[in-house]
Amino acid sequence: MDLQLDGKTALVLGASKGLGRAIAVSLGDEGARVITVARSASDAAGRHHIIADLDDPTAPQAIIAAVHELGLSPDILVLNSGGPPTGAAATTTPADFAAVFGRMFNAQLALTQAFLPDMRARGFGWVLAVASTSLITPIPGLVLSNAVRAMLASWCKTLAAEVAADGVTVNLLLPGQIATDRLTSLHSAMAQGSGMTAEQVGTRAKAAIPAGRLGRPEEFGDMATFLASPRASFVTGCAIKVDGGQTATL
Ligand SMILES: NC(=O)c1ccc[n+]([C@@H]2O[C@H](COP(=O)([O-])OP(=O)(O)OC[C@H]3O[C@@H](n4cnc5c(N)ncnc54)[C@H](OP(=O)(O)O)[C@@H]3O)[C@@H](O)[C@H]2O)c1
């Protein structure tokens, strides 16, 4: 299948490693011109890279300016960033929420709103947010991830209906457990005080996945690339799991 991405421009946030990098590589392999964003360098697709910290409230404006300086306007926008720290609902404070809101919500909103008018005027565009299966089954001890992603998801669903008639799709991709640095550090955090080693937490995690293994970042990247392509032009307002069957519900 030709995904018809030749000549399309993609802006991928959080793309120096992990899921964002895998998406950028896959989009690049399929012919898209890829602009990546992260705090550190990225080898993904090796095209244009913008260094920015999405925790910094001035980052979205700097990214928009850098994209315009390249003379580009993204057809594809992948909303992604670093995951939040662990924490219980009973003890996570408003300040803890405020500390992750910039990169997990505000920056994503600002960048989408900046590039959306061009997409709508062209009559096509793809917005894809990397969320988590915690949208369906909240994960114990990860209240920041559970709650902030629920807010982003609801905003995406509302937006999807607003822009569908202009040919712009808005979808969410929900990773289960994909082998990245983030997952390794989560397993270490979960092991602390549990009486288990990080390795034992990892083994238990794998056992909960019907596929019997963690996902590979490339598997996630390829699904993202299809959803962010003209071949998925009638798929919008959806949240799609990439979890090896782990989530118990449809
Ligand atoms: N992996 C999984 O199984 C899984 C499951 C559910 C949800 N998720 C979520 O999916 C997202 C991506 O996960 P991942 O596993 O790919 O994580 P990762 O391996 O830690 O990669 C995160 C990416 O985001 C960038 N980043 C982090 N903080 C940033 C900031 N303040 N500004 C700009 N870029 C920033 C990182 O680059 P720099 O450090 O260079 O900035 C890196 O490129 C996260 O929100 C994570 O919680 C992942």
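Not measured: the values here are computed from a predicted model.

**Student:** Teacher, can you tell me more about the side chain of Thr 180 here?
**Tutor:** For Thr 180, the location among the structural elements is in the loop between β6 (168–175) and α5 (181–191). If we skip the residues at most four places from it in the chain, Thr 180 touches Gly 18, Leu 19 and Pro 217.

**Student:** I tried to follow the domain arrangement of the protein on my own but got confused; where do I start?
**Tutor:** When the parts of a complex come together, some accessible area is lost, and that lost area is often taken as the interface size. Domain parsing of the protein yields domain 1 (9–178 + 216–242) and domain 2 (179–214). Computed over C-alpha atoms, the centres of domain 1 and domain 2 are 25 Å apart. Facing the 13 residues of domain 1 at the interface are 13 residues of domain 2. The salt bridge partner of Arg 213 is Glu 219, with a shortest N-O separation of 2.7 Å. There are 6 residue pairs in polar contact (both at pLDDT 80 or more) connecting domain 1 and domain 2. Counting residues per element, the ones that place at least two in the side of domain 1 that touches domain 2 are α1 (18–29) and α7 (217–227). For the side of domain 1 that touches domain 2, the residue count by class is 6 nonpolar, 4 polar and 3 charged.

**Student:** Looking at this structure, how should I read the site of the ligand?
**Tutor:** Residues in contact with the ligand amount to 29 residues; listed here are only the nearest, Leu 19, Ser 40, Arg 149, Ile 178 and Thr 180. In the model, a nitrogen atom of the ligand is placed 2.8 Å from a nitrogen or oxygen of the Leu 54 main chain. In the environment of the ligand, a nitrogen atom lies 3.3 Å from a nitrogen or oxygen atom belonging to the side chain of Asp 55. For the ligand, whose unbound accessible area comes to 880 Å², protein coverage reaches 93%. Of all the secondary-structure elements, those providing two or more residues to the shell around the ligand are α1 and α5.

**Student:** Can you help me understand a negative patch on the surface in this one?
**Tutor:** A surface patch of like charges, here negative, comprises Asp 2, Asp 6, Asp 29, Glu 30, Glu 218 and Asp 222. Summarising the element assignment, Glu 30 is placed in the loop between α1 and β2 (33–38). Of the residues examined, Glu 30 reaches a relative accessible area of 34% and is grouped as partly exposed.

**Student:** I keep staring at the pattern of salt bridges and nothing clicks. Help me out?
**Tutor:** Any two side chains of opposite charge can pair, so long as their charged atoms come close to each other. Enumeration according to the criterion identifies 7 salt bridges in this entry. Its salt-bridge partner being Asp 181, residue Lys 17 comes within 3.3 Å of it at the nearest N-O pair. Taken together, the residues span a long stretch of sequence, with Lys 17 in the loop between β1 (9–13) and α1 and Asp 181 in helix α5 at a distance of 164 residues. Salt-bridge contacts for Asp 55 lead to Arg 103; the nearest nitrogen and oxygen are separated by 3.1 Å. One end of the pair, Asp 55, is in the loop between β3 (48–51) and α2 (59–69); the other, Arg 103, is in helix α3 (residues 94–122), with 48 residues separating them in the sequence. Taking relative accessible area as the criterion, Arg 103 reaches 14% and is therefore assigned buried. When salt bridges with common partners are traced through the structure, they connect Arg 213, Arg 216 and Glu 219 into a single cluster.

Rules used in this analysis
Residues numbered from 1 in each chain as written. Predicted model: local features only at pLDDT ≥ 70, side-chain atom pairs only at ≥ 80, totals over all residues. Heavy atoms only, no water. Helix = DSSP H or I, 4+ residues; strand = E, 2+ residues; numbered from the N terminus. Contact = heavy atoms within 4.5 Å. Domains from an automatic or database assignment. Salt bridge = Lys/Arg side-chain N within 4 Å of Asp/Glu carboxyl O. Polar contact = N/O pair within 3.5 Å; in protein donor to acceptor, adjacent residues only side chain to side chain. Nonpolar A, V, L, I, M, F, W, Y, C, P; charged D, E, K, R; others polar. Near = heavy atom within 4 Å. Areas by Shrake-Rupley, 256 points an atom, 1.4 Å probe, with all protein chains shown as cover. Patch = residues over 30% accessible without salt bridge, like charges linked within 9 Å, V, L, I, M, F, W, Y side chains within 5 Å. Lys, Arg positive; Asp, Glu negative; His and termini not counted. Charge placed at Lys NZ, Arg CZ, Asp CG, Glu CD. Buried < 20%, exposed > 50% of the residue type's maximum accessible area, 1.4 Å probe, protein only.

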